[in-house]
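Fold and geometry: a report
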Amino acid sequence: MDQRIIHLFDEYTHKPLRRDEFIGRLVKLTGSMAAATAILPLLEVNYAHAATVPENAAGIAGTDVTYEGDGVTMKAYLVKPEGVSKTGAVLVIHENRGLNPHIRDVTRRVAQAGFIALAPDALSPFGGTPQNEDEARTQIGKLDAANNLNNFLKGLDYLATLPESNGKTGCVGFCWGGAMANQLAIHAPGLKAAVPYYGRQPDAADVPKIKAAMQLHYGGLDERVNAGIPAYETALKAAGVKYELYVYEGAQHAFNNDTAPTRYNEAAAKLAWDRTLRLFKETLL
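Residues numbered from 1 in each chain as written. Predicted model: local features only at pLDDT ≥ 70, side-chain atom pairs only at ≥ 80, totals over all residues. Heavy atoms only, no water.

Here we come to empty space enclosed by the protein. Within the structure shown, the criterion is met by 1 cavity of 30 Å³ or more. If you add up the space inside the largest cavity, you get close to 40 Å³. Along its surface, the largest cavity is lined by Thr 13, His 14, Glu 95, Asn 96, Arg 97, Cys 175, His 253, Ala 254 and Arg 263. The residue inventory of the lining of the largest cavity, partitioned by class, reads 2 nonpolar, 4 polar and 3 charged. (1 Å grid on protein atoms, 1.4 Å probe; cavity = no way out; pocket = protein on both sides within 12 Å on 5 of 7 lines; lining within 4 Å. Points joined across faces, edges and corners; volume = space filled by probe spheres on them. Nonpolar A, V, L, I, M, F, W, Y, C, P; charged D, E, K, R; others polar.)

This brings us to the nonpolar core. Core analysis: the biggest nonpolar cluster contains 45 residues, and Leu 118, Leu 184, Leu 191, Ile 210 and Met 214 have the highest contact counts within it. Residues in contact with Leu 191, not counting those within four places in the same chain, are Leu 156, Thr 169, Gly 170, Cys 171, Leu 184, Ala 185, Lys 211 and Ala 212. Counting 36 residues, the second largest nonpolar core, distinct from the first, contains Val 53, Ile 103, Cys 175 and Ala 269. (Core = buried A, V, L, I, M, F, W, Y, C linked by side-chain atoms within 4.5 Å. Buried < 20%, exposed > 50% of the residue type's maximum accessible area, 1.4 Å probe, protein only. Contact = heavy atoms within 4.5 Å.)

Once that is clear, we can look at the sheet that holds strand β2 (residues 73–81). Read from one edge of the open sheet, 8 strands run β1-β2-β4-β3-β5-β6-β7-β8, paired in mixed fashion. Strand pairing shows two members of the sheet lacking a second neighbour, β1 (60–68) and β8 (243–248), which therefore form its edges. Taking each pair of neighbouring strands and ignoring which way they run, the sheet shows an average axis angle of 20°. Pairing geometry for strand β6 (residues 193–197) and strand β7 (residues 213–219), over 3 bridges, is parallel. Bridge pairing in β7 links Ala 194 to Met 214. Of the strands in this sheet, β1, β2, β3 (87–93), β4 (116–120) and β5 (165–174) touch helix α6 (residues 145–161), which is tilted by about 125° from β1. Sheet strands touched by helix α10 (residues 266–284): β3, β5, β6, β7 and β8. Its angle to β7, the strand with the most contacts, is close to 175°. (Pairing = 2+ DSSP bridges. Helix = DSSP H or I, 4+ residues; strand = E, 2+ residues; numbered from the N terminus. Axes fitted to C-alpha atoms, helices over the stretch in contact; angles between N-to-C directions.)

Our next topic: the packing of aromatic side chains. All chains considered together, the criterion is met by 12 aromatic pairs. Ring centres of Phe 174 and Tyr 197 lie 4.7 Å apart, and the angle between their planes is 45°; this geometry places the pair in the tilted category. Of this pair, Phe 174 sits in strand β5 while Tyr 197 sits in strand β6, and the two are 23 residues apart along the sequence. The exposure class of Phe 174 is buried, given its relative accessible area of 1%. Where Tyr 198 meets Phe 255, the ring centres are 5.2 Å apart and the plane angle is 75°; that geometry is what we call edge-to-face. (Phe/Tyr/Trp six-rings, centres within 6.5 Å; stacked < 30°, edge-to-face > 60°.)

Right, dumping it as structure tokens:
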């Protein structure tokens, strides 16, 4: 697919670009409304492909829970591995479309690997993630940054209180959630590991606060996010932070999202996920 179309869709999903404007520009790139309409299903997510790990999969048990955030009751999806007395815990952080079926599936994948997994819904202050993705993106932009960060920090606190937890916590986040994973690494000194996937990098001045082992994943074609890599890596090296940085050539932004057919890259996603679980096993068990 024309990379200009991919960039346009990235702009639509990350900037305040109205859908009618997005469609109009897509028509210009494809040459007709018919062609634009045919391409749309290849760009937009399809949650029919979200359940790689079924909700009733053997060996795990998931449930919707709540915990007290910063002046708000936070909704979250909690999945535990069965038959495990003490294990590490992982906070799973969604993209800018809220807690959707894909992220719930990722949460089950983490639990299936032997960890307690909790996916908070950042849009809990608005009542939870709406079904309309455009509305979810709009609400994400209205979140108070400080309160939102505290809500995720309190999610880490909640994980540490669970009787099955061994007290070691990590996090993994995607896109918007990748940026949050970077922020948790800065603001949660007890965090053992943070794995941002194609997330916006933090300010270099804050990097010395990081105590967690960092594992950074980027798509080689993701020009928007990748522009921040050099400054981040320089700051990580200067601060002596333990980190791994992987750029997957030929992969798009959101390459791990298997419900996004045009951007999903199976080979990159598998390799990145294997590396993610390896780090969690090294730091949380």
